[in-house]
Amino acid sequence: MPRFLSAAIAAVLVLGMSACGRSEAPDAPDNQSAPDRLVNEETGDVVPRQPMRVRNALPPGQSGFVSLTGQVQGAASGQPGDYGAHLDDQRLMYWSFQLKPGGFADISELTPEQPREGVRIYRDAFGIPIVYADGMANVGFGTGYALAQDRLFLQDAGRRLARGTLAELTGNGDVPNDIQTRVLTYSEAEYQAMFDRQSEAVRTLVQGFVDGTNAWIAEARANPTLLPAEYALLQTLPEPVTVTDVMAAGVLITRSVASAGGNEFDNVRALKALTAQHGAETASAIFRDVLWFDDRKAAVTVPLEEGTFSNVTTPTDQRETVFNAMADFALGLPDDLAEGPGTGAAPVPALPDAVGDLSPDGLGTVLARRVRQMFDVSGGASYMLAVTPERSANGRPLLFNGPQLGYSYPSQLMEIEVHGAGIDARGATAPLLPVVGIGYGERTAFGVTTGNSKTIDSFIETLAEDNPKQYLHNGEFKDMACRMETVRYRQAQQGVPLGPDLFAVEVEVCRTVHGPVVARSEDGRFARTLNYAMWNREVDTINGVMKWGMVDTFEAFDAAMREVTWNENTMYVDADGKVAYYHPGLHPLRAPEGDQRFPLPGTGAFDHDGFMAFEQLPRVVDPKQGYIANWNEKPAFSWGEGVGGNAQSLPAGPAHRVTNWTQQAAADGQISFEDILAFDKEAGIRDPRAEAVLPILQALRADATLSDRQTALIDTVLAWDRNHYREDIDIEDEDATDTPGATVFDTLVRALIDALFADDLPESLMARMTAVGNHEYDAPPLLNLAIRILDPAQSTLNTRFDFTNGQGTEATLIAAIDAADQRLQAQFETTDIARYTRVHHRDEVCSLTGGIIGPCLTMPHQDRGSWNQAIGFE
């Protein structure tokens, strides 16, 4: 630890060394669906009956609270669990493929905390809060109070990120990101209007949540032993939250996990680079090969037998003409429209020399970066599987859900159980959101994953020559709506933010009819705006999600789904045997003259014509095949694939991580609760690239003339168990290795992609279309294109450009094997294939301060949910 940070911590710890940390709530026994009603005799609270088995895990633990005393204890011992209770008590369990009981808790022997009349908060053996409350206001109060106890600093950081005030905590380095937030979101008055138009039930819930959160903040401010140690280090205190803070947090969460798009300029730059390298005609062919549309052999969620769904309004026979016209438009756009204040590209304001700026590795920079990463799921994902009674071993439905939001101390999600005002639910929620968004009720269960459909579009505005705040729309120049925003920030010394937010920059924020202005061309002729399908309706989703924990029937849940505005894949199962999948949200009806891959002219001719009807969106009820699986793949055939790349596994092909689930489900005629637990383990350790690539290598082995060395390498891969993870791995050994088969296969796949595409694609496009985010061994779009080239039978599309450059597929494959061999020999300094054992990739599990406060360690990569939940009805 740097000396100045050690000194800072030592100084603030003097105030709290003699104080005791928070007391732990009594441990609660595991409980699974008891036949009789369980009653707490002291309070009269009754545990609802629950006809289901539930197991779950939230690594590394429920709590994110590290006190000053806990910081000293943990830093001294080096043991993560010593930093605080329930901070680390699910990590080793989870990484050993174990889940804890997660049904409604037996509270009959527990003593509740009662922060106010009508609110009772119990805690189970893992510190999960169980809130029983009288009325909706008290439900909100208990939820806010309990979650603030566990995640106060995270909630505060998330609130600041959502409001564009993070630089007030972290320093001048985060001013550009705060400016971006102010550009893309709303004013205080607009947030208040959002709150005011919600239903009475939602307003009551949110106000109660704010009151409960503020009640705990008041207690923590008055008692330093209850205050997270991060505040002492940063020399600040948590401020009360408001209902508009909750609205802002709702916008942040829904936009970060449930909307996609707006990055069309990645494609504009790619097309320009391809045109410069190959000429216009060849560039067009390569571009459409790399960013294809609708391969009918791709992995999708809704089986073809259940129907097709399309958000593409351009008739099939006009798509090439439309593409050519939009490509010509894109090629004429100025490059500087790609970045601006609305993309985070504003300059970092300098501080006086005597004050000092943040260093790249300083506390403020690290904290800001980690907070942004926590709420940026572009490299993450989530998976789920629902099984119908006909396919289930006990004739009852099953559901498994694993949101993948990364690992940290604490994780973004938190677990809670809530009873009151018609709500009986347990599951996961996010900071500053007072609803259970992933979980179950008395007779129902529900899960979500990021939808990844394109619901954000770029429009290019033509500006008036004499007025940069006017733009051409429908034949006339209109005034932009503009306002001033003040972005405040702190000083820093040796990388540590200090003192009050004495510094500020003034920023003008403007909008057109299409949305906020994010960038302007230097010549003053154009501006780029972002059009959000959910604009000003993000928080409306809470109306539907709140009802998920209140409904008892499919019909009621289906009605609630029609109220959500976000694009989160949703699965539902219930005690009556109903199973359903939805790809919901507000999806624009785009002009048929536009192409989703490019920006749209803002003249008015390309404006959206409302939204798709709920019935037009991908969904299936009681799937005929007996199961439905999703891992963020394309929802259905004919559905548009947006911009592509950026670790989204789009455009879609046959190789996709979801096949790790579908192959297991398809092979099991009678799926049990124990089976879905086993499916989760296998899906997390199996290399999803193997299924599509190994047949290609088998055919090469059988048909080609190969050297002994080439044959030995292929045989090593063909004998491999297809897992990227050793069954006997030591999860705490940072040098633990994988098998030769996994190592050779991975090196070969990467060499094959390079052999086919490195010479013909610009570096930025290569990087984007091979990105896998948090899925270290996933199948990126360029691998699916390689599979189409090498084994055309695995695709329904043809390639326009010869990526083998005349060599043919066999010669290209052999050259890739030789290139992989050279890499392996250089890496391991031997020709002995048995010694080709890479160090298994490890995922970082660190606190928001990077281990300055709280733990920081690594764990072996398993491509699994950071909140795992298995539910089986009995």
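Each remark here, short or long, concerns the structure printed above.
A few points on the structure.

Parameters at a glance
- Residues numbered from 1 in each chain as written.
- Predicted model: local features only at pLDDT ≥ 70, side-chain atom pairs only at ≥ 80, totals over all residues.
- Heavy atoms only, no water.
- Helix = DSSP H or I, 4+ residues; strand = E, 2+ residues; numbered from the N terminus.
- Rg over C-alpha atoms; globule rule 2.2 N^0.38 Å.
- Buried < 20%, exposed > 50% of the residue type's maximum accessible area, 1.4 Å probe, protein only.
- Areas by Shrake-Rupley, 256 points an atom, 1.4 Å probe, with all protein chains shown as cover.
- Expected span 1.5 Å × (residues − 1).
- Contact = heavy atoms within 4.5 Å.
- Phe/Tyr/Trp six-rings, centres within 6.5 Å; stacked < 30°, edge-to-face > 60°.
- Pairing = 2+ DSSP bridges.
- Axes fitted to C-alpha atoms, helices over the stretch in contact; angles between N-to-C directions.
- Disulfide = S-S within 2.5 Å.
- Left-handed = near helix turned anticlockwise from the far one by under 90°.
- Nonpolar A, V, L, I, M, F, W, Y, C, P; charged D, E, K, R; others polar.

### A word on the overall build of the protein
Now for step 1: What the protein contains, in helices and strands, is 24 helices and 29 strands.
Now for step 2: Since a compact globule built from 874 residues should have a radius of gyration of about 29 Å, the 27 Å found for the protein is in line with a globular shape.
Now for step 3: For the protein, the C-alpha atoms occupy an extent of roughly 80 × 70 × 60 Å along the three principal directions.
Now for step 4: A buried classification covers 63% of the 874 residues belonging to the protein.
Now for step 5: Surface summary for the protein: the accessible area is close to 30,400 Å², and the carbon and sulfur share equals 49%.

### Remarks on the environment of Asn774
Now for step 1: Along the chain, the position of Asn774 falls in the loop between α22 (763–770) and α23 (781–790).
Now for step 2: The sequence separation of Asn774 and Asp863 amounts to 89 residues, and the corresponding C-alpha distance is 7.9 Å.

### Considerations on helix α8 (residues 200–222)
Now for step 1: When the terminal C-alpha atoms of α8 are compared, their 33 Å separation across 23 residues agrees well with the 33 Å that a helix rising 1.5 Å per residue should span.
Now for step 2: Each element contacted by the buried residues of α8 is listed here: α4 (136–163), α7 (188–196), α10 (243–258) and α15 (541–548).

### Re the packing of aromatic side chains
Two numbers describe a pair of aromatic rings. These are the distance of the centres and the angle of the planes.
Now for step 1: In total, this model carries 32 aromatic pairs according to the counting rule given.
Now for step 2: A ring pair is formed by Phe141 and Tyr145, whose centres lie 6.1 Å apart and whose planes are at 15°; its orientation type is stacked. Here the residue Phe141 and the residue Tyr145 both occupy positions in helix α4, the gap between them amounting to four residues, near one helical turn. Both residues of the pair, Phe141 and Tyr145, count as buried.
Now for step 3: A ring pair is formed by Trp548 and Phe557, whose centres lie 5.4 Å apart and whose planes are at 35°; its orientation type is tilted. There is no split in this pair, since Trp548 and Phe557 are both buried.

### Some points on the sheet that holds strand β26 (residues 627–630)
Now for step 1: Taken in spatial order, the six strands make up an open sheet running β4-β3-β29-β9-β8-β26, and their pairing is antiparallel. Strands with a single pairing partner mark the edges of an open sheet, and in this sheet they are β4 (100–101) and β26.
Now for step 2: Direction of pairing for strand β9 (residues 398–404) relative to strand β29 (residues 868–873): antiparallel, over a ladder of four bridges. Each residue of the ladder has a partner; that of Phe400, found in β29, is Ala870.
Now for step 3: Most of the contacts of helix α17 (residues 659–667) go to β26, to which it runs at about 165°, and overall it touches β8 (381–387), β9 and β26.
Now for step 4: Seen against the sheet, helix α18 (residues 673–685) touches β3 (52–57), β8, β9 and β29 and runs at an angle of roughly 160° to β29.

### Some details on the pairing of strand β22 (residues 568–574)
Now for step 1: Along β22, seven of the seven residues are buried, which leaves the element largely enclosed by surrounding structure.
Now for step 2: Where strand β14 (residues 444–450) lies against β22, seven bridges are found, and the strand directions are antiparallel. When the bridges of β22 are listed, Thr444 appears paired with Asp574.
Now for step 3: Summarising the sheet, β22 and strand β23 (residues 579–582) pair through four bridges and their orientation is antiparallel. Paired with Thr570 across the bridge in β23 is Tyr582.

### Overview of the state of the cysteines
Now for step 1: Summed over the entire model, instances satisfying the criterion amount to two disulfides.
Now for step 2: Covalently, Cys482 is tied to Cys510 through a disulfide, its sulfur atoms 2.1 Å apart. Since a negative S-S torsion denotes a left-handed disulfide, the Cys482-Cys510 link at about 110° is right-handed. Here the residue Cys482 occupies a position in strand β18 (residues 481–493), and Cys510 occupies one in strand β19 (residues 496–511), the gap between them amounting to 28 residues.
Now for step 3: The disulfide partner of Cys846 is Cys856, and the S-S distance across this bridge is 1.7 Å. Classification of the bridge connecting Cys846 and Cys856 rests on its S-S torsion, roughly 50°, and on that basis the disulfide is right-handed. One end of the pair, Cys846, is in strand β27 (residues 842–847); the other, Cys856, is in strand β28 (residues 856–860), and 10 residues separate them in sequence.
Now for step 4: Among the residues examined, Cys856 registers a relative accessible area of 42% and is labelled partly exposed.

### Quick look at the packing of helix α19 (residues 690–703) against α23
Now for step 1: Remark: α19 packs on α23, axes separated minimally by 11 Å, with the N-to-C direction vectors making an angle of 30°. The handedness of the crossing between α19 and α23 is left-handed. Of the residues in α23, those touching α19 at Ala692, Val693 and Ile696 are Leu783, Ile787 and Leu790.
Now for step 2: Per-class residue counts for the contact of α19 with α23 are six nonpolar, no polar and no charged.

### Some words on helix α24 (residues 809–828)
Now for step 1: Its 20 residues place the ends of α24 28 Å apart at the C-alpha level, agreeing with the 28 Å of an ideal helix rising 1.5 Å per residue.
Now for step 2: Residues Thr812, Leu813, Ile814, Ala816, Ile817, Ala820, Asp821, Leu824 and Phe828 constitute the buried set of α24.
Now for step 3: For α24, the secondary structure elements touched by its buried residues are α19, α20 (708–718), α21 (740–757) and α23.
Now for step 4: Two residues or fewer after α24 comes Glu829, characterised by a positive phi angle close to 55°.

### A short note on the environment of Leu152
Now for step 1: Its place among the elements puts Leu152 in helix α4.
Now for step 2: C-alpha separation for the pair Leu152 and Pro695, spaced 543 residues apart in sequence, amounts to 52 Å.
Now for step 3: When sequence neighbours within four positions are dropped, the list of residues in contact with Leu152 reads Leu147, Trp216, Ile217, Ala220, Pro228, Tyr231 and Pro238.

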